[in-house]
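Summary of the model geometry
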Amino acid sequence: MSRPGALPSLLPLLLLAALAATSARAEPYLAVQQGFKCTQCHVNPTGGGMRNTFGDVFAQTLMPMKHIDTGQEAWTGAVNSFIGIGGNMRYDWTMTDVRHQPSANQFSMEQTRVYLDASMIPNRLIVYADELVAPGGATNEEAWAMYWSASHDWYVKAGQMYLPFGFRLQDQTAYVQQVSGINMTTPDRAVEAGYLHGPWDAQLDVSNGTAGGPVVGNGKQFTGQLSFVQPIWRLGLALDLNNSAASGRRTAYGLFGGLKTGPIAWLAQADVVVDHTSQESLRTAGGLLEADWMISQGQNLKLSAEQLAPDLSVSIRRNGQTRWSLVYELTPIQFLQLRAGIRYYDGIPQADIQHERLYFVQLHAFF
Amino acid sequence: MRWAAVLAAAAAAACTGNGHGLDQNGQPLGPSGSGGVPLTAEFTSIQDNVFTPICTRCHIGASAPEGLQLDEAHSYGLLVGVPSAEQPGVMRVAPGDPDGSYIIRKLEGASGISGGRMPLGGPYLPQSTINVIRQWISDGAQAPQGVAHIEARPAFEVVATSPSDAATVTAPVRHIVVVFSSEVEAALVNWTTLQVEPVSGTEFLTPTATPIPSTFEIAPGNPATVLINPVSPLGPGKYRVTVRGTGDSGALASVSGVGLGADYDFVFTVEPAR
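On to the overall build of chain B, then. From N to C terminus, chain B includes 6 helices and 9 strands. Here chain B holds 274 residues, and 44% of them are scored as buried. Across chain B, every contact between residues at least 6 apart in sequence was considered, and the portion connecting residues at least 24 apart equals 58%.

In structure tokens:
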């Protein structure tokens, strides 16, 4: 994405962005609320990570309750016409209460990421890196190069990247993120082809299929996703076939959709995963229903219900697990968000660890 | 409000299991109604009480994070004596050394780990459970009785390497790891069956020097894993590792005499340290 070196005013850009009706933002619910695709706000066409110019301006003007006028140009991430930077920091206080265990609370650095993109040929050729710098030692999450067609209808991307499979939720512990194994903790080395035209949004990836682990044999993973995006609704299908030789085979199916009803954005996703290991096959399923109520600009209330079926050979009435989340998100000023919530896990009576209450407060700073 | 009604309907449809016929880890009870072995400092117990019910929510199948599959069929072979993918200088499980085992650091959320504490997002394991895993490691990280994990896979093949094939890693590289599907015949682990050589080229690789002087050993506590230790850490360049599976000069085989059947090689590139 080309980056204006300076923005004397936000208004022209916002107007331009508002007229360019496609794509979205970090949290998929915002994409549903706005009727966007991911590429509207993110450098990465499949979402997550660094925001592009539109995303940066949106985050400063339409997200916060109050925009503090600094008297300076808007932040667009642009270091110069070719180089852009960005970042996210999430710092948590959590209290965990597991049945028959003493509760524990702690401050923790959930993650700090820095992003860099170099647009050597503006709007056509991009090199991108996403580095997880905390907690612990620095880890490269994504590093890829992407070539866009002149019409921006299709692109080819190669390098280490997150694979597309349903909604790219911020919460990596959501059941639908866990059962597929495809989320923002498991980048893989891949080649991705994408097609974005009108309401259609499609990706096809070929990857090592080891989620960053050692590679053996010639098996590869094929991941595909097709979405139809309308201003107030969307529907998508995802498929993953992993035949990474010595690791066994995995097939994952995903169905996801979004709907906007007034101030509420609805998200739903269902995944079914079949693992063929050396000993047996295991079928797992996860489901998500999420409602995001935009109370007012800068305030969002998120309520989600999740279902996990850890082994479909056993009735869900015997082994099912559920999780409920209630999260309040406040963005008082640009670049700063406060989140507070509770997650309620429930499972079989005899498994204490399936009965958890997680309370958290999170400081989310981003640029 | 309509949206509340929809969520209420979801609540009614959501299903929490009653646990009938399952042990305390959610696994089906055996025919005798038995199940749920108590947590002790033995691998089978840790597998049944920790890895299977908790870790395999993510660490299973071909897409397991960092390639670490913790289901019963793979966990021991990919843990014990195997360098972690996140920090190759640290063993996932270093037999006899819980503090030096990356799994303990990840479970305890120690400073210096890469990525998040495990289980990701919690709830984290009680320290008492971690202490049992510590004890198992202190006791030498013994394999399950009868080495069941190995007997279940009688074939002899390379199942993992570190660095992986076609990988680019940062100098210096002090260890190369080759994980086999069953126990390796230690007497055959030497310079005639394992070779590291610098190469050049892309499609057709050409050795650029004599093989790298190295020592060879079975991974401590894990007879299915071989460690290749270059006498001098590998610097920048491209390297090929060959595991001899055929030939008069020696071929690697399992303790039960099953050979690889063919040579196996993998290539990786070492970049200068930043």
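Picking up after the structure, the text goes on.
We now examine the overall build of chain A. In terms of helices and strands, chain A carries 5 helices and 16 strands. For chain A, the proportion of its 367 residues judged to be buried stands at 49%.

Residue and element names in this part refer to chain A. Assignment of secondary structure puts Tyr162 in the loop between strand S5 (154-161) and helix H4 (175-180). Accessibility expressed as a C-beta count within 10 Å gives 25 for Tyr162, which makes it buried. Sequence-wise, Tyr162 and Ser281 are 119 residues apart; in three dimensions their C-alpha atoms are separated by 26 Å. If near-sequence neighbours (up to four positions away) are discounted, Tyr162 is found in contact with Thr46, Gly48, Glu142, Met184 and Pro187.

The next subject is the environment of His74 of chain B. With respect to the helices and strands, the residue His74 of chain B is situated in the loop between helix H2 (43-51) and helix H3 (75-79). On a C-alpha basis, the gap between His74 of chain B and Gly61 of chain B in space is 9.7 Å, while along the polypeptide they are 13 residues apart.

The next subject is helix H3 (residues 53-61) of chain A. In terms of burial, H3 of chain A is largely enclosed, as 8 of its 9 residues are buried. Among the residues of H3 of chain A, Thr53, Phe54, Gly55, Asp56, Val57, Phe58, Ala59 and Gln60 of chain A are the ones counted as buried.

Glancing now at the nonpolar core. Residues and elements named next belong to chain B. Membership of the largest hydrophobic core comes to 66 residues, with the highest contact counts inside it found for Val82, Val93, Val178, Val179 and Phe180. The element best represented in this core is strand S3 (residues 176-180), accounting for 5 residues. If near-sequence neighbours (up to four positions away) are discounted, Val93 is found in contact with Leu79, Val80, Gly81, Ser101, Ile103, Ile137 and Ala141.

Moving on, we come to the pairing of strand S15 (residues 336-346) of chain A. Residues and elements named next belong to chain A. Note that strand S14 (residues 321-333) and S15 share 10 bridges and pair antiparallel. Counted as the bridge partner of Glu329 is Arg339 from S15. Two successive antiparallel strands, S14 and S15, enclose a turn made up of 2 residues, where Phe335 displays a positive phi of approximately 75 degrees. Of the pairings in the sheet, the one linking S15 to strand S16 (residues 356-366) comprises 10 bridges and is antiparallel in character. Paired with Leu338 across the two strands is Leu363, which belongs to S16.

All names here are of chain B. Taken together, the 4 strands give an open sheet; going across it, the order is S1-S3-S7-S6, and neighbouring strands pair in antiparallel fashion. Strands at the two margins of the open sheet, each flanked by one partner only, are strand S1 (158-162) and strand S6 (214-219). Across the sheet, the mean angle separating the axes of adjacent strands is 20 degrees when strand polarity is ignored. Across 6 bridges, S6 lies against strand S7 (residues 222-230) in antiparallel orientation. Following the sheet pairing, Ile218 is matched in S7 by Val226.

Scored by pLDDT, chain A has a mean of 87; 89% of the residues are at 70 or more. This stretch, residues 4-25 of chain A, has a pLDDT under 50; its non-local contacts, to residues over four places away or in other chains, come to 43 contacts.

Okay, the interface of chain B and chain A next. Each partner contributes to the interface: chain B provides 55 residues, whereas chain A provides 59 residues. Within the residue set of the side of chain B that touches chain A, elements represented by two or more residues are helix H1 (2-13) and S1 of chain B. Per-element accounting of the side of chain B that touches chain A gives the leading share, 5 residues, to S1 of chain B. The residue inventory of the side of chain B that touches chain A, partitioned by class, reads 26 nonpolar, 22 polar and 7 charged.

For the rest of this paragraph, the subject is the sheet that holds strand S8 (residues 237-243) of chain B. Residue and element names in this part refer to chain B. Taking strand neighbours across the sheet as the criterion, the 5 strands line up as S2-S9-S8-S4-S5 in an open arrangement whose pairing is mixed. Because the sheet does not close on itself, it has two edges, and the strands there are strand S2 (168-170) and strand S5 (206-207). Two elements, strand S4 (residues 194-200) and S5, share 2 bridges in a ladder whose sense is antiparallel. Residue Ser200 lies in a different strand from S5, and its bridge partner there is Thr206.

With that settled, the discussion passes to the pairing of strand S10 (residues 249-261) of chain A. All names here are of chain A. Side chains of S10 alternate between two faces, with Arg250, Ala252, Gly254, Phe256, Gly258 and Lys260 buried and Arg249, Thr251, Tyr253, Leu255, Gly257, Leu259 and Thr261 left unburied. As paired elements, strand S9 (residues 233-242) and S10 share 10 bridges and run antiparallel to each other. Looking across to S10, one finds that Arg234 is bridged to Gly258. The turn linking S10 back onto strand S11 (residues 264-276) is made up of 2 residues, and Gly262 within it adopts a positive phi angle of 60 degrees.

All names here are of chain B. Across the interface, H2 lies against helix H5 (residues 127-138) with an axial gap of 10 Å and an inter-helix angle of 150 degrees. With respect to H5, the element H2 is oriented roughly antiparallel. The two elements H2 and H5 cross, and the hand of that crossing is left-handed. Contacts from Phe43, Ile46 and Val50 in H2 reach Thr129, Val132, Ile133 and Trp136 in H5. Its residues assigned to classes, the contact of H2 with H5 shows 6 nonpolar, 1 polar and no charged.

Between Ala134 of chain A and Pro135 of chain A the backbone carries a cis peptide bond, its omega angle lying at 0 degrees. Mapped onto the fold, Pro135 of chain A is located in the loop between strand S3 (125-134) and strand S4 (139-148). Here the bond from Met118 of chain B into Pro119 of chain B is cis, since omega is -10 degrees, no more than 30 degrees from zero. When you line up the elements, Pro119 of chain B lands in the loop between helix H4 (102-108) and H5. In the Ramachandran plot, Phe335 of chain A falls in the positive-phi region, its phi being about 75 degrees despite a non-glycine side chain.

Here we come to the confidence of the model for chain B. All names here are of chain B. In the predicted model, chain B carries a mean pLDDT of 81, and the fraction of residues at 70 or more is 86%. Across residues 146-153, confidence stays below pLDDT 50; counting only partners more than four residues off in sequence or on other chains, it has 14 contacts. Across the assembled chains, the prediction reports ipTM 0.74 with pTM 0.71.

Here is what the cut-offs are and how they apply
- Residues numbered from 1 in each chain as written.
- Chains lettered and ligands numbered in written order.
- Predicted model: local features only at pLDDT ≥ 70, side-chain atom pairs only at ≥ 80, totals over all residues.
- Helix = DSSP H or I, 4+ residues; strand = E, 2+ residues; numbered from the N terminus.
- Buried ≥ 20, exposed ≤ 12 C-beta atoms within 10 Å, placed from the backbone.
- Contact = placed C-beta atoms within 7 Å.
- Core = buried A, V, L, I, M, F, W, Y, C linked by C-beta atoms within 7 Å.
- Pairing = 2+ DSSP bridges.
- Axes fitted to C-alpha atoms, helices over the stretch in contact; angles between N-to-C directions.
- pLDDT = per-residue confidence, 0-100.
- Nonpolar A, V, L, I, M, F, W, Y, C, P; charged D, E, K, R; others polar.
- Parallel < 35°, antiparallel > 145°, perpendicular 65-115°, else oblique.
- Left-handed = near helix turned anticlockwise from the far one by under 90°.

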